[in-house]
Structure formats: C-alpha cells, structure tokens
Amino acid sequence: AAQMSEATGFLWLLQLGYHEDPRTPIGPHAGRVLDRLRATGLLPYVVAVSVGEEWYEYCLAGAFARYGAGVNNPACIPVLHDWMGKQHLAAKTALGVPVVWITTLAHPTLRPIPANTDVVALDPYMGPGGSFDAVVAPVLALAEQTTPLPLVLIPQWFEGHGFPRPRASDVAKYFDWLKRPQWIALLGFTWRTRDNGIVGLSDLPDIRTAIEARK
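Since the structure is predicted, the reported quantities are computational estimates derived from the model, not experimental observations. (Residues numbered from 1 in each chain as written. Predicted model: local features only at pLDDT ≥ 70, side-chain atom pairs only at ≥ 80, totals over all residues. Heavy atoms only, no water.)

**Observations concerning the overall build of the protein chain**
Thought 1: Scanning the protein chain from terminus to terminus reveals seven helices and six strands.
Thought 2: Ordered by position in the sequence, the α and β elements of the protein chain form the string α-β-α-β-α-α-β-β-α-β-α-β-α.
Thought 3: Since a compact globule built from 215 residues should have a radius of gyration of about 17 Å, the 18 Å found for the protein chain is in line with a globular shape.
Thought 4: Projected onto its principal axes, the C-alpha positions of the protein chain cover 45 × 45 × 35 Å.
Thought 5: Out of the 215 residues in the protein chain, the part that is buried amounts to 42%.
Thought 6: Put simply, of all contacts in the protein chain between residues at least 6 apart along the chain, 69% involve residues at least 24 apart. (Helix = DSSP H or I, 4+ residues; strand = E, 2+ residues; numbered from the N terminus. Rg over C-alpha atoms; globule rule 2.2 N^0.38 Å. Buried < 20%, exposed > 50% of the residue type's maximum accessible area, 1.4 Å probe, protein only. Contact = heavy atoms within 4.5 Å.)

As structure tokens, this is what we get:
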C-alpha cells in the first residue's frame, strides 16, 4: 500500500478494529496500528480513519446478541451512540486524522451521529426492487438536512447476497449528488468481488464505462 501511494499519490481511509470485540477500547489498538503505519511508511497517505462500520445496523440485526443486545433492540442506539463517541475520540487522539462514521442512515433519533465524528459516509443500497430515487436519494437528502458535517457517498457497485445488479444509469445520479457542496467524496463499494480477489469493476463493465465517462 505504501509503495502504491508513493508511486501514484493514492490516499487511504483506514478502518480500525473491524474484527475486534466491540467492547474493546480502540485507543491501544490504534496505537499499535500507528506503529505499523510508521514502520511501513504508509502513515502520510492515511487521510482518515473509521472505527468499524454500520454499528447500529449490526446491533439491531442481532450481531451483538452475545453481549445482551437482541434483534431489533432499541437499547442499542443510546449505548452505541455514547460508546462510539468515545471510540472516535480515542482513535482521533492516537492517529491524528479525521474520523469517518459509516452508516446506512443518518437520522437525529433513529441513527444519531456519535460525538467526535468529522465526516459521515452513507451506504444506502437499493436492495431487491428498489431504485435510486425511492431508496437512496431520500437518505442522502435527510443527511443534508440534519447534519452540517461533510458527507461521502458509498454506491453499491456489486451484485449478490440479495442485492441486484446496479444500474449504469444510476452512476450519473451519484455524480450529480457529488456536485452538491456538502459531498466531498465518492467511494464505490465492490464487496462481492472479494470472493476471488479484489478485481475492481471488471465484473461490472457497464458500470466502469459509465464511471469513466464522468471523468
């Protein structure tokens, strides 16, 4: 990664603690990561950090049942809101870079943004039978209305696991939102390609063509 950045100027959003116990204080872990970043020369190319992702969604889906948080338990919301605000501060203190909150929805009560968040990244995927205008656009508009923080788009650029093939016609709609002043970046997610190695958009040539046409 460091060699790629040195050669091309590529910059990174680093995700911390994805495989850690969710109760683990992130500060010491971030300190160990900092040592690795320095040792490899990657540190100057890391421009932001996230502490895991989609915390509310995982908790409401029952991923933290072993800790007493069952499926659709609304108690997840205030607990995680408080905890992740502390985790964000610890990560920011250790690494000295902005913290990104990755979520499917930014809503003042249903999905409140934790303290010490610098950027909100939204990944509302369309799902079966959905459309950009019906599913994605309202989430993006709500974020604009309810937070002054910079925003990042994460389009669904994969298919599988119940998610239909994305539409090339929607690429223009994402880029239209990116023109709005509060949106600072677009990070397409190519999740399903990881089954056989990361291949970018080679499995979605129509999407790649549509993206390259926007450059």
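That was the structure; now back to the text.
**Overview of the sheet that holds strand β3 (residues 100–103)**
Neighbouring strands of a sheet are bound in pairs by backbone hydrogen bonds; such pairs are parallel or else antiparallel.
Thought 1: The strand order β3-β4-β5-β6 describes an open sheet built from four strands, whose pairing is parallel. Of all strands in the sheet, those bounded by a partner on one side alone are β3 and β6 (183–186). The sheet shows a mean angle of 25° between the axes of neighbouring strands, direction not considered.
Thought 2: Bridge analysis of strand β4 (residues 119–122) against strand β5 (residues 151–153) gives three bridges, and the strand direction is parallel. (Pairing = 2+ DSSP bridges. Axes fitted to C-alpha atoms, helices over the stretch in contact; angles between N-to-C directions.)

**Things to note about the packing of helix α5 (residues 132–146) against helix α6 (residues 171–178)**
Thought 1: Two elements in contact, α5 and α6, have axes separated by 12 Å at closest approach and are oriented at 10°. Put simply, α5 runs roughly parallel to α6. Residues F132, D133, V136, A137, L140, A141 and E144 of α5 form the contact with α6, whose own contacting residues are K173, Y174 and W177. (Parallel < 35°, antiparallel > 145°, perpendicular 65-115°, else oblique.)

**Points about helix α2 (residues 26–40)**
Side chains of residues three or four places apart in an α-helix project in the same direction, reflecting 3.6 residues per turn.
Thought 1: The end-to-end C-alpha separation of α2 is 21 Å, in line with the 21 Å expected for 15 residues at 1.5 Å each.
Thought 2: Turning to α2, its buried residues number three or more, namely I26, H29, A30, V33, L34 and L37. End-on view of α2: buried residues confined to an arc of 145°, all on one side of the axis. Facing away from the buried surface of α2 by more than 90 degrees, the exposed residues are P28, R38 and A39.
Thought 3: In this fold, the buried residues of α2 make contact with β1 (12–16), β2 (46–51) and α4 (76–95). (Expected span 1.5 Å × (residues − 1). Arc of directions from axis to C-beta.)

Bear in mind that shape data such as this cannot, by itself, settle questions of function.
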